Amino acid sequence: MPQEKSKPIIESIRNFILTCPFLENWRVNIDYLNIPMSYSIDPLPADPVVRRYTDGGAIKQYLFAFTSKEEFDGDARTGIENSGFYQQFEEWIEEQNNKRNLPILENAKQCPVLIETIQSGYLYDAETDMGQYQIQCRLVYEQEV
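Report follows, based on the coordinates. Values in this document were obtained by computation on a predicted structure and should not be read as measured data.

The rules behind these values
Numbers given for residues are sequential positions, taken from 1 along each chain in its written order. Totals for whole chains, interfaces and linings use all residues, but because this is a predicted model, local features are given only for residues with pLDDT of at least 70 and pairs of side-chain atoms are given and counted only at 80 or more. Excluding hydrogens and water, the side-chain values take into account all heavy atoms of the structure. Helix numbering and strand numbering both begin at the N terminus, where a helix is a DSSP run of H or I of at least 4 residues and a strand a DSSP run of E of at least 2. Each residue is assigned to one of three classes by its accessible area relative to the maximum for its type, calculated with a 1.4 Å probe on protein chains only: buried under 20%, partly exposed between the two thresholds, exposed over 50%. In what follows, residue pairs with any heavy atoms lying within 4.5 Å of each other are defined as contacts. Note that accessible areas follow from Shrake-Rupley with a 1.4 Å probe, and for residues the cover is restricted to the protein chains shown. To estimate how far a helix should reach, multiply one less than its number of residues by 1.5 Å.

## Some points on the overall build of the protein
- Summing up its helical and strand segments, the protein has two helices and six strands in all.
- Overall, the C-alpha framework of the protein stretches about 55 × 30 × 25 Å when taken along its three principal axes.
- Of all 145 residues assigned to the protein, the portion counted as buried reaches 39%.
- In the protein, the share of contacts with a sequence separation of at least 24, taken over all contacts with a separation of at least 6, comes to 61%.
- Surface accessibility of the protein: about 8,800 Å² in total, with carbon and sulfur atoms responsible for 48%.

## Some thoughts on helix α2 (residues 76–98)
- Its 23 residues give α2 an end-to-end C-alpha distance of 32 Å, which sits within 8% of 33 Å, the value for a rise of 1.5 Å per residue.
- Within the span of α2, buried status applies to Thr78, Asn82, Phe85, Tyr86, Phe89, Trp92, Ile93, Gln96 and Asn97.
- Tucked into the core, α2 has its buried residues touching α1 (9–17), β2 (39–43), β4 (58–71), β5 (110–126) and β6 (130–143).
- Backbone geometry just after α2 places arginine 100 at a positive phi near 65°.

Following this line, the structure appears as C-alpha cells:
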C-alpha cells in the first residue's frame, strides 16, 4: 500500500498566515507576486537542521519571506503606511507564537516549536510606482525519527 503524502510545510505556513485578520481580503501566493497589493510566501535558502540528536531526530527550521507589492511613490505617508503594515504583521507573528498558536504540520513526526520573524520588514526593491517589501521569518519544528 503506497504511503500517503503529508501536506508540504509551506502549505501549512500559508494556511497559518491566512488566519491573520488584516490579510483576510487578500490573495496569498507561493513564490509569486502577480498584481499590485498581492502577497507571497517565498522559501529562503538555509540549512534546515538546527540541531541533530543522537537518536536521529532533529530540531529543524523552515525559512521564508513574506513579500508584498505595494504602492510606492516616495511620499513619507506611503512609506510609513507600508512599514506600519510589516510592524503589525511582526507583532501578530509574535502574539501567535506567545499563544502557542503555531502552523499545523500534518506529518505526525513533525511538531512545531515556534514561529518568529528573523528580520524586520523592509523595502526590498523599488520600481517607478511599486515597491516590493518583505519580512523574513522562520518556523522551527522538531523532527522525530
